[in-house]
Amino acid sequence: MELLKKIETIFSESGIPAFGSCAFAPLRPFLIDCRAQQRIPPKAQTVLVALFPYAMEREAYRGGNLSRYASVGDYHDIVPCYLERAVCRLRQSFPDEQFESFTDNSPIPEVRAAAMAGLGCVGKNGLLIHKTYGSWVFIGEIVSTLSLNAPPHDIQPCLGCGRCLLFCPTDALSAEGIDRTKCMSALTQRKGTLTEEEAALIRRSGCAWGCDICQEVCPMNARAVIRPLPEFIDTFHPTVVKNSPLEGRAYAWRGRNVIERNLHILHGREGDSND
C-alpha cells in the first residue's frame, strides 16, 4: 500500500489527473507488433496507465469542423511530456527498476490495459469510458519492472443502451463491436478521391476530420467532468480552413491534401487528391 501511495504521489506531482495499474503478463498475448515493442523492459511486471482529459465545454465546439480530439494540440507532443516527468521521478525513487513510456503508437493495447487497470469500461465503439472524464481522454502507459501485485480488474462493458449503434451514420457499430473500415472518422482520413456517397457523408457531418457522434450520444458522457490539461486549453482551435498550419495538429501526419479535400467537400465541391 505504501508503494502504491508513493506512485500515486509521483503521478499527481507530474500533473497526471488519473492513473491505474495492471499486471503486464495478461497483456503479453495482445501486444501490438510495432518497432516500439523493442523498448519494453525484458522483465516487465507492471503497466502504469495514465489518462489525459482533453474535452472543452460543448459550446466551445459550436461552428467548428474538427473532432474534439483534433481540436486541441497534437497529443503525441503533449502527453509524452507528462509521462516523461513521471518516468524521471520514478527512476529517481526506484533506481533499480526500469520504466519506459508509450503513447498511441504503442505495443500496449491501451484500452485493454486501461480497463484492466480499473480506469473504466469499454464502449461498443472500442473506446475507454472513464467514470469521471467519460471517453474524452487520451491514454498513455509506462511499462515497468516494478512489481505492484496489482489486483486484477475484469474488462467491463458499457451500459449497452445501443444509442451509439443507432446514431452511427455509417453503420460501423454493431453488437459485436466496431468495423473500422466503415468508421466515419476513418473515412475522413482516407486518401484519394472519395465516392459521391462518401463525400455526401462528410458533407452531412460537417466535419473535416474525425467524428464524435458515438461519443456525443453516449449517456455515460452526459456528465463527464470538463477539466482539460492546460496545454489542450492553450492549443484549442476547433476549426480548420484552407492553408491552416498543420504543425502541432493531430491530423498533420496525413498531409495537406486529405484535409483540404474534405474542406472542398464541405463547401459543396467535389474534392480530389493527388495522393
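Refer to the preceding data block for the structure.
Cut-offs used in this document
- Residues numbered from 1 in each chain as written.
- Predicted model: local features only at pLDDT ≥ 70, side-chain atom pairs only at ≥ 80, totals over all residues.
- Heavy atoms only, no water.
- Salt bridge = Lys/Arg side-chain N within 4 Å of Asp/Glu carboxyl O.
- Helix = DSSP H or I, 4+ residues; strand = E, 2+ residues; numbered from the N terminus.
- Buried < 20%, exposed > 50% of the residue type's maximum accessible area, 1.4 Å probe, protein only.
- Contact = heavy atoms within 4.5 Å.
- Expected span 1.5 Å × (residues − 1).
- Pairing = 2+ DSSP bridges.
- Axes fitted to C-alpha atoms, helices over the stretch in contact; angles between N-to-C directions.

Asks: Looking at this structure, I do not really get the pattern of salt bridges. What am I missing?
Replies: A side chain of one charge can pair with a side chain of the opposite charge when the charged atoms of the two come close. Here the structure, examined in full by the defined rule, presents 8 salt bridges. The salt bridge involving Arg 39 is made with Glu 100; its shortest N-O contact spans 3.1 Å. Pair noted here: Arg 39 is in the loop between β1 (18–23) and β2 (46–53) and Glu 100 is in strand β3 (residues 99–103), with a separation of 61 residues, a long-range link. Owing to a relative accessible area of 38%, Arg 39 belongs among the partly exposed residues under this scheme. Taken together, the salt bridges that share partners define one network made up of Arg 39, Arg 91 and Glu 100.

Asks: Is there a simple way to think about the side chain of Asn 65 in this case?
Replies: Following the sequence through the fold, Asn 65 ends up in the loop between β2 and α2 (75–93). Contacts of Asn 65, omitting those with residues within four sequence positions, involve Gly 206, Cys 207, Ala 208, Trp 209, Pro 238, Thr 239, Val 240, Leu 263 and Leu 266.

Asks: Looking at this structure, I do not really get unusual backbone geometry. What am I missing?
Replies: Most peptide bonds adopt trans geometry, and most residues besides glycine take a negative phi value. The residue Asp 104 is not glycine, and still its phi comes out positive at about 60 degrees. Its place among the elements puts Asp 104 in the loop between β3 and α3 (110–116). At Asn 243, a residue that is not glycine, the phi angle is positive and equals roughly 70 degrees. As for its position among the elements, Asn 243 is in the loop between α8 (230–234) and α9 (256–266).

Asks: Can you walk me through α2 in this structure?
Replies: Because an α-helix completes one turn every 3.6 residues, residues spaced three or four positions apart along the sequence face the same direction. Taking 1.5 Å of rise per residue, the 19 residues of α2 would be expected to cover 27 Å, and the 27 Å separating its terminal C-alpha atoms lies within 8% of that figure. Those residues of α2 that fall on the buried side of the exposure criterion are Tyr 75, Ile 78, Val 79, Tyr 82, Leu 83, Ala 86, Val 87 and Leu 90. Structurally, α2 contributes buried residues whose contacts are with α1 (2–13), β2, β3, β6 (137–144) and α8.

Asks: How should I be thinking about the sheet that holds β3 in this particular structure?
Replies: The strands making up a sheet associate through backbone hydrogen bonding, with each pair oriented either parallel or antiparallel. With antiparallel pairing, 4 strands are arranged side by side in an open sheet as β1-β2-β6-β3. Both edges of this open sheet fall to β1 and β3, since each of them pairs with a single strand only. Going across the sheet, the axis of each strand differs from the next one's by a mean of 25 degrees, ignoring polarity. Across 5 bridges, β3 lies against β6 in antiparallel orientation. Across the sheet, residue Glu 100 finds its bridge partner in β6, namely Val 143. Running over the sheet, α2 touches β2, β3 and β6 and is turned about 165 degrees from β3.

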